[in-house]
Amino acid sequence: MHPSQSELLKLKNLGLASVNILHSIGIRTCDDLRRVGPVEAFTSIRGRGINASRVLLYALQGALLDVHWNDLDPDLKRRLAEEADRALSAQGQN
């Protein structure tokens, strides 16, 4: 994939490695990411055996909000992490 071929690369927080991971789970556009949401995308990534940290979860949310992941509200980060942990536990991945 050439960098100019993905609109996802234009989003804040997402580089080529993150975009390649998103492509591996079928997310190819900003609309795909919006539709799926950061938590489901993150749990799908982990479900493929990719050892992604919570930073990716926050980066996905920040990409949708056009905010650097480190500038997300701490309460939002906590809620995202809790939701992801619940989903991963339900899948037996936590």
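See the structure above.
Residues numbered from 1 in each chain as written. Predicted model: local features only at pLDDT ≥ 70, side-chain atom pairs only at ≥ 80, totals over all residues. Heavy atoms only, no water.

Engineer: Give a detailed account of helix H4 (residues 54-65), specifying residues and quantitative values.
Structural biologist: In this model H4 runs 17 Å from its N-terminal to its C-terminal C-alpha over 12 residues, within 8% of the 16 Å that 1.5 Å per residue would give. All buried positions along H4 are accounted for by Leu 56, Leu 57, Tyr 58, Ala 59, Leu 60, Gln 61, Gly 62 and Ala 63. Against the buried residues of H4 lie helix H1 (16-24), helix H2 (30-36), helix H3 (38-47) and helix H5 (74-90). Following H4 by one or two positions, Asp 66 adopts a phi angle in the positive range, close to 60°. (Helix = DSSP H or I, 4+ residues; strand = E, 2+ residues; numbered from the N terminus. Expected span 1.5 Å × (residues − 1). Buried < 20%, exposed > 50% of the residue type's maximum accessible area, 1.4 Å probe, protein only. Contact = heavy atoms within 4.5 Å.)

Engineer: Could you give me a rundown of the pattern of salt bridges, with the residues and numbers involved?
Structural biologist: Opposite charge on two side chains allows them to pair when their charged atoms are near. Under the counting rule described, the total for this entry stands at 6 salt bridges. For Asp 32, the salt bridge identified is with Arg 35, shortest N-O distance 3.5 Å. With Asp 32 and Arg 35 both in helix H2, this residue pair falls 3 residues apart, about one helical turn. On the basis of relative accessible area, Asp 32 is assigned to the buried category, the value being 16%. For Arg 78, the salt bridge is made with Glu 82, and the minimal N-O distance between the two is 3.3 Å. Taken as a pair, Arg 78 and Glu 82 lie in helix H5 at a separation of 4 residues, close to a single helical turn. In this structure Arg 78 comes out as partly exposed when scored by relative accessible area, which is 40%. Residue Glu 82 is classed as partly exposed on the basis of its relative accessible area of 35%. One salt-bridge network, held together by shared partners, links Asp 75, Arg 78 and Glu 82. (Salt bridge = Lys/Arg side-chain N within 4 Å of Asp/Glu carboxyl O.)

Engineer: Go over the environment of Arg 54 with me, naming the residues and quoting the values.
Structural biologist: Within the secondary structure layout, Arg 54 lies in helix H4. For Arg 54, a relative accessible area of 38% puts it in the partly exposed group. The spatial distance from the C-alpha of Arg 54 to the C-alpha of Asp 85 is 9.9 Å, given a sequence separation of 31 residues. Of note is the side chain of Arg 54, whose polar atom sits 2.6 Å from the side chain of Asp 85. (Polar contact = N/O pair within 3.5 Å; in protein donor to acceptor, adjacent residues only side chain to side chain.)

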